[in-house]
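A look at the structure
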Amino acid sequence: MVDPPLLVGNAPLILLLVIVLVLGKACACFVTASFMGSPSRDAFRTGVGIAQVCEFSLIIGALGKSLEVTPPGFLPTAVGVCVVSTLLNPLLLRRVDAMYERARGLVPHRLRQASYLYTHWLAHAARRGSGSVVRRVVWRCVWIVLVNLACVGGLFMVAAFLSGRWDLARLP
């Protein structure tokens, strides 16, 4: 159960987590959409649009509570972050164009120019057809990165699994 007095007591932590998570998720989505060739305004809208934190964090929180690996106040704090970010998202979406203009003014001119050139180069490369050498090289690089990420993630999962089974104190 969620204890409302605990939510009120954790309000500063909840607000800090909402700010960090919404900004972090929005920035990560913006960078990813920009990297994939979306214009900066569309990438910004995408980042703000999916910046809310919700269902998955509640599932992880409930799982952590049932396995007793999270502190007692974690799940109510996660619920508070989910509620606040869900209520905040429509307000952010209403102001997304004004926020984009303000954020755009903070970005240095050279970086804006580089982003613009990259977006148009990627659009031009995509228009050249599926047989384009550039497109094949870019997709090959993307697949190599994804396979490497999967391998490293798998290694970390195996290491985490084995660390629970071995007595690490006996290692030199």
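One structure accompanies this document, and this report is about it. (Residues numbered from 1 in each chain as written. Predicted model: local features only at pLDDT ≥ 70, side-chain atom pairs only at ≥ 80, totals over all residues. Heavy atoms only, no water.)

1. Considerations on the packing of helix H2 (residues 11-35) against helix H3 (residues 40-49)
Running from N to C, H2 and H3 cross one another at 145°; their axes reach a closest spacing of 7 Å. Both H2 and H3 take part in a crossing whose hand is right-handed. Contact residues: H2 offers Ala26, Cys29, Phe30, Ala33 and Ser34, while H3 offers Ser40, Ala43, Phe44, Gly47 and Val48. Tallied by class, the residues present in the contact of H2 with H3 amount to seven nonpolar, three polar and no charged. (Axes fitted to C-alpha atoms, helices over the stretch in contact; angles between N-to-C directions. Helix = DSSP H or I, 4+ residues; strand = E, 2+ residues; numbered from the N terminus. Left-handed = near helix turned anticlockwise from the far one by under 90°. Contact = heavy atoms within 4.5 Å. Nonpolar A, V, L, I, M, F, W, Y, C, P; charged D, E, K, R; others polar.)

2. A word on the layout of surface pockets
Put simply, the largest pocket is a space of about 880 Å³. Surrounding the largest pocket, 32 residues form its lining, Phe30, Ser40, Phe44, Tyr100 and Ala103 being those nearest its centre. Elements supplying a minimum of two residues to the lining of the largest pocket: H2, H3, helix H5 (74-94), helix H6 (96-106) and helix H7 (109-127). For the lining of the largest pocket, the element with the highest residue contribution is H2, accounting for ten residues. (1 Å grid on protein atoms, 1.4 Å probe; cavity = no way out; pocket = protein on both sides within 12 Å on 5 of 7 lines; lining within 4 Å. Points joined across faces, edges and corners; volume = space filled by probe spheres on them.)

3. Digging into the nonpolar core
By size, the foremost hydrophobic cluster in this structure holds eleven residues: Ile14, Val18, Val22, Ala26, Phe44, Val48, Ala51, Val81, Leu92, Val96 and Tyr100. Top contributing element to this core by residue count: H2, with four residues. Setting aside residues up to four positions removed in sequence, valine 48 forms contacts with Ala26, Asn89, Leu92, Leu93, Val96 and Met99. (Core = buried A, V, L, I, M, F, W, Y, C linked by side-chain atoms within 4.5 Å. Buried < 20%, exposed > 50% of the residue type's maximum accessible area, 1.4 Å probe, protein only.)

4. Details of the packing of aromatic side chains
What the rule picks out here adds up to four aromatic pairs. A centroid spacing of 6.2 Å and a plane angle of 15° characterise the contact between phenylalanine 35 and tyrosine 118, whose relative ring orientation is stacked. Of this pair, phenylalanine 35 sits in helix H2 while tyrosine 118 sits in helix H7, and the two are 83 residues apart along the sequence. Overall, phenylalanine 35 belongs to the partly exposed group, its relative accessible area being 49%. A ring pair is formed by tyrosine 118 and tryptophan 121, whose centres lie 6.1 Å apart and whose planes are at 35°; its orientation type is tilted. One end of the pair, tyrosine 118, and the other, tryptophan 121, are both in helix H7, three residues apart, so they sit about a helical turn from each other. Assessed through its relative accessible area of 27%, tyrosine 118 is described here as partly exposed. By relative accessible area, tryptophan 121 is classed as partly exposed at 40%. (Phe/Tyr/Trp six-rings, centres within 6.5 Å; stacked < 30°, edge-to-face > 60°.)

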